[in-house]
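Survey of secondary and tertiary structure
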There are 2 protein chains.
Amino acid sequence: MNAEILCIGTELLLGNVVNTNATYLSQQLARLGISVYHHSVVGDNAQRLEDALRIAFQRADLVITTGGLGPTYDDLSKETIANYFHRPLVLHQPSLDNLHAFYASRARKITPNNEKQAYQPEGAIVFTNHSGTAPGAAIEDNGKVAIMLPGPPREVKLMFEREVLPYLQKFSNHIIVSRDLQLFGIGESQVETLLKELMMQSTNPTLAPYAKEGEVNLRITASAASAEEGYAMMEPLMEPINQVVGKYIYGIDVPDLQTALVTYLLEHHITVSAAESCTGGLVSKSITDIAGCSDIYPGGVCSYSNEMKMKWLNVQTSTLETHGAVSEETALEMAQGIRFATGSDLAVSTTGIAGPGGGSAEKPVGLVYVAVVGENYQHVEKLNISYGEQTTRAMIRQRAAKNALYQLLQAAKVISQTD
Amino acid sequence: MNAEILCIGTELLLGNVVNTNATYLSQQLARLGISVYHHSVVGDNAQRLEDALRIAFQRADLVITTGGLGPTYDDLSKETIANYFHRPLVLHQPSLDNLHAFYASRARKITPNNEKQAYQPEGAIVFTNHSGTAPGAAIEDNGKVAIMLPGPPREVKLMFEREVLPYLQKFSNHIIVSRDLQLFGIGESQVETLLKELMMQSTNPTLAPYAKEGEVNLRITASAASAEEGYAMMEPLMEPINQVVGKYIYGIDVPDLQTALVTYLLEHHITVSAAESCTGGLVSKSITDIAGCSDIYPGGVCSYSNEMKMKWLNVQTSTLETHGAVSEETALEMAQGIRFATGSDLAVSTTGIAGPGGGSAEKPVGLVYVAVVGENYQHVEKLNISYGEQTTRAMIRQRAAKNALYQLLQAAKVISQTD
């Protein structure tokens, strides 16, 4: 079975909204082993939607649409698709009951416009909307399947997971499983160069690197009759991958560096704290992204001014005068200062020039020092962050913060192994 | 002239990459007054690309492709499109020179594979790639125009701005201008309900609200012969909009709350600081997102543990014992504490339950206090942040941080007007 995703909405064509629905549905269909060969987007226009639908069914067995199920005059999807299949719209009583319950719970009155959402193509399978008012539906006709979903990404996800996924299982005879190796400290193109031969040789499982906000995600994807079989097929690849890029791998199937770090710290009962200058709170924000972090993170400071570096972190005036705020020496004193203030096992600091102003020949924009200290641990990393002329303040800060998280993780591994 | 955006890449169909290129190009074409009626995505497959191209040119005058211009075997766009127009690929010497310079500057050797990128369809207009190796190109043929761009979003943006935009001007006889009113403290659907009649009446300019990470962007868009004329057409809408939602508007044509805040603080020489518990550094991170913030932001602390709330902020043990860390009283003491420590004009604090754990009947997940204090200013906001069952830790933290920025801006306006 192969599928096309057809997203409906003028806001997509005006560039007001990014089409994350197409991405999400593609991921989900890949997991089911259903090939997606096309995405299409059309506006809220009946004729163009009908044409797009016809083209889609010429090349796909399954067409999933998103959008255009709302109550207003420009929501045309259901009418147009029902018409395409020559099905009248008929009242779906459970949907009407749901609508009444929805409005009653909000003490709002239902309008005839709203009631339109309870009408469905005759013979359709109706999907409940768990977070909005527009139900979804599936029509099966002559070997072709149309699935209509609402537009808001949250409604799409919830309806897909709870209603559509169980429905689609019957069309799937194999599944796609993947494993994500997370790398830090190496670029996507470098990973590709180092693993080129292995990537070319591997067809099932496949091997592909993806750049992701300063990290690289190396994805192994297998197509198999069962998840177990799929994961077993990946095993022979692990050894050659590890030989080439093993030292950059910080985690497998973890979403990001902060999750890997906080998980490790919780497992090993290691507390950390952060003193930030150029990252301005991003390291602290990243650590506290993860629920449960309060057991390993008492807190941190953003010492943006020199005064606060001295006051909170006991950075010496002489250090700032001799070496400047952006220096290895200041970074070390900041880390020592925050560790002393919080009593944490490990502490990290960042100080650098995030730009766009403030750089000099000696200390250019993108120069950042990251220091990590512990009782018997000390490490300073000097970074020159540059992605050419596209380098932005946000990129420098993000890369510096990721490096701080990575250095903390490395330090935690060292001290937990020597304990 | 109407256009179709045709993005090429199997990674899009697998859901590994979000199609931000289609969004970006749609926005750019809207500005030029070129209507986009379709987006399409196909994989790296010559036959399906050729079919998609044929369909695209049946319904559009201009087709812009992205992707498939790289050096590897599955980069087929240029060959397929040249073939579609019956044009042979010929060596484009300036592109070859650029390629050699690119590799020389990186001390890398050029391979025959790479040289393939210097070949272009005969008679094509070639666009320089300012951040990668693959040049773009345009083919004009019989009233139809094909524009080929690379895949990486950064390369697309730079090439579009510097090369394609000047080229496309000749096809544009009117432009689209828009003005973004930024609202905080009101939901998208509420804005829509309040402005429904005005929205229905307005066809040029149009009026549309967009939800954006806890804020609402109300966009007025006019199509006119000149930018001046377009902006003048918007004027009559401002009065009725202000009457209905004026109190929620915090800025016009500013990208976000932190930019509005830091800009206002810099203009009025007001310094601020932040003491964060549940937002964990996100307020500090947001303020320091903006270049130049060091003039108004000495720093802040993330006092995640009670101990650090007492140590850094002088929150009283009795306050924590009597009212708890998540309380109006603690929020106020935190704000007063950070203002005292930094000597800032205004100070903000956040304390709350970001979840998913840690909630109780009395203090549920989503309960957050935001306090702002100044010399003669004091305000505490109690928030109950909930988006129903989809509410995440990230959403609660983000909404709380935005509220903190908004309360700071409100306070800054009050104190600057009473000074």
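Residues numbered from 1 in each chain as written. Chains lettered and ligands numbered in written order. Predicted model: local features only at pLDDT ≥ 70, side-chain atom pairs only at ≥ 80, totals over all residues.

On to the overall build of chain A, then. Secondary structure summary: chain A contains 16 helices and 17 strands in total. Seen along its three principal axes, the alpha-carbon backbone of chain A occupies a region of about 80 × 55 × 40 Å. Per-residue burial over chain A gives 48% buried out of 419 residues. A sequence separation of at least 24 residues applies to 66% of the contacts in chain A between residues at least 6 apart. (Helix = DSSP H or I, 4+ residues; strand = E, 2+ residues; numbered from the N terminus. Buried ≥ 20, exposed ≤ 12 C-beta atoms within 10 Å, placed from the backbone. Contact = placed C-beta atoms within 7 Å.)

In this section: the interface of chain B and chain A. On the side of chain A, 54 residues touch chain B, which itself brings 54 residues to the contact. Where the side of chain B that touches chain A is concerned, the elements lending two or more residues are α1 (10-13), α2 (20-31), β2 (35-42), α3 (46-59), α12 (282-288), β14 (299-303), α13 (306-313) and α16 (393-418) of chain B. A class-by-class count of the residues in the side of chain B that touches chain A yields 23 nonpolar, 25 polar and six charged. Pairing of strand β14 (residues 299-303) of chain A with β14(B) involves five bridges; the strand directions are antiparallel. The partner of A:Cys302 across the bridge, within β14(B), is B:Gly300. (Nonpolar A, V, L, I, M, F, W, Y, C, P; charged D, E, K, R; others polar. Pairing = 2+ DSSP bridges.)

With that settled, the discussion passes to helix α4 (residues 77-84) of chain A. All names here are of chain A. Where α4 is concerned, the buried positions are Ser77, Lys78, Ile81 and Ala82. With its buried residues spanning 120° around the axis, α4 presents them on a single face. Packed against the buried residues of α4 are β1 (2-8), α3 (46-59), β3 (62-66), β4 (89-91), β5 (119-121) and β8 (144-149). Downstream of α4 by one or two residues, histidine 86 has phi in the positive range, about 55°. (Arc of directions from axis to C-beta.)

Right, let's get into the packing of α3(A) against α4(A). Residue and element names in this part refer to chain A. Taken N-terminus to C-terminus, the directions of α3 and α4 make an angle of 50°; their axes are 10 Å apart at the nearest point. Relative to α4, α3 is oriented oblique. For the crossing formed where α3 meets α4, the hand is right-handed. For the pair α3 and α4, the contacting residues are Ala46, Leu49, Glu50 and Leu53 in the first and Ser77, Thr80, Ile81 and Tyr84 in the second. For the contact of α3 with α4, the class distribution of residues is five nonpolar, two polar and one charged. (Axes fitted to C-alpha atoms, helices over the stretch in contact; angles between N-to-C directions. Parallel < 35°, antiparallel > 145°, perpendicular 65-115°, else oblique. Left-handed = near helix turned anticlockwise from the far one by under 90°.)

A separate point is the environment of A:Met233. Residues and elements named next belong to chain A. Relative to the elements of secondary structure, methionine 233 occurs in helix α10 (residues 227-245). A C-alpha to C-alpha distance of 7.0 Å links methionine 233 and alanine 222, two positions 11 residues apart in sequence. Dropping the residues within four chain positions of it, methionine 233 is found in contact with Pro205, Ala222 and Ala224.

Once that is clear, we can look at the relation of the copies chain B and chain A. Overlaying chain B with chain A gives an RMSD of 0.1 Å, the required rotation being 180° about an axis along which the chain moves by 0.0 Å. Overall, the copies show the geometry of a two-fold rotation axis. (Least-squares fit on C-alpha atoms with pLDDT ≥ 70 in both.)

A few words on the sheet that holds strand β13 (residues 272-276) of chain A. Judged by pairing direction, the sheet is mixed, and its 10 strands sit side by side in the order β17(A)-β16(A)-β15(A)-β13(A)-β14(A)-β14(B)-β13(B)-β15(B)-β16(B)-β17(B) without closing on themselves. Both outer strands of the open sheet, β17 (377-384) of chain A together with β17 (377-384) of chain B, are each paired with one neighbouring strand and no more. Direction aside, neighbouring strands of the sheet carry axes that sit 10° apart on average. Strand direction decides the pairing type here: strand β15 (residues 346-352) of chain B and strand β16 (residues 367-374) of chain B, joined by six bridges, are antiparallel. Residue pairing across strands places B:Val348 opposite B:Val372, the latter belonging to β16(B).

Residues and elements named next belong to chain A. Residue position: asparagine 45 is located in the loop between β2 (35-42) and α3. Note on asparagine 45: 17 C-beta atoms within 10 Å, which makes it partly exposed. On a C-alpha basis, the gap between asparagine 45 and tyrosine 24 in space is 24 Å, while along the polypeptide they are 21 residues apart.

Our focus in this paragraph is the environment of B:Ser223. Its location among the elements puts B:Ser223 in strand β11 (residues 215-224). With near-sequence residues (within four places) excluded, B:Ser223 lies in contact with B:Gly33, B:His174, B:Ile176 and B:Asn204.

The next subject is unusual backbone geometry. All names here are of chain A. A cis amide bond, omega 5°, links asparagine 204 with the succeeding residue proline 205. Mapped onto the elements, proline 205 comes out in the loop between α9 (196-201) and β10 (206-212). With an omega of 0°, the peptide bond between glycine 355 and proline 356 qualifies as cis. Relative to the helices and strands, proline 356 resides in the loop between β15 (346-352) and β16 (367-374).

Here we come to helix α11 (residues 257-268) of chain A. All names here are of chain A. In a regular helix each residue adds 1.5 Å, so 12 residues correspond to 16 Å; α11 covers 16 Å between its end C-alpha atoms and thus fits that length. Every buried residue of α11 is accounted for by Leu257, Gln258, Ala260, Leu261, Val262 and Leu265. Two residues or fewer after α11 comes histidine 269, characterised by a positive phi angle close to 50°. (Expected span 1.5 Å × (residues − 1).)

So, on to the sheet that holds strand β9 (residues 175-184) of chain B. Residue and element names in this part refer to chain B. On the basis of which strands lie adjacent, the open sheet formed by four strands has the order β10-β11-β9-β12 and antiparallel pairing. Each edge of the sheet is formed by a strand with only one pairing partner; in this case those strands are β10 (206-212) and β12 (249-252). The sheet shows a mean angle of 25° between the axes of neighbouring strands, direction not considered. Pairing geometry for β9 and β11, over 10 bridges, is antiparallel.

The next point concerns the packing of helix α11 (residues 257-268) of chain B against α16(B). All names here are of chain B. At a minimum axis distance of 9 Å, the contact between α11 and α16 shows a crossing angle of 25°. Between α11 and α16, the angle is such that the two are roughly parallel. Along this stretch, α11 crosses α16, giving a crossing that reads as left-handed. On α16, the residues touching Leu257, Gln258, Ala260, Leu261, Tyr264, Leu265 and His268 of α11 are Lys402, Leu405, Tyr406, Leu408, Leu409, Ala412 and Ser416. Here the residues of the contact of α11 with α16 sort into 10 nonpolar, three polar and one charged.

Another aspect to go through is the pairing of strand β3 (residues 62-66) of chain B. All names here are of chain B. The buried count for β3 comes to five of five residues, which makes it a mostly enclosed element. Here β3 shows no split at all, with Leu62, Ile64 and Thr66 on one side and Val63 and Thr65 on the other all buried. Sheet analysis places strand β1 (residues 2-8) next to β3, joined by five bridges and oriented parallel. Within the sheet, the bridge partner assigned to isoleucine 5 lies in β3 and is isoleucine 64.

Next up on the list: the confidence of the model for chain A. Looking at chain A as a whole, its pLDDT mean stands at 92, while 99% of the residues score no less than 70. Two summary scores accompany this predicted model of the complex, namely pTM at 0.77 and ipTM at 0.76. (pLDDT = per-residue confidence, 0-100.)

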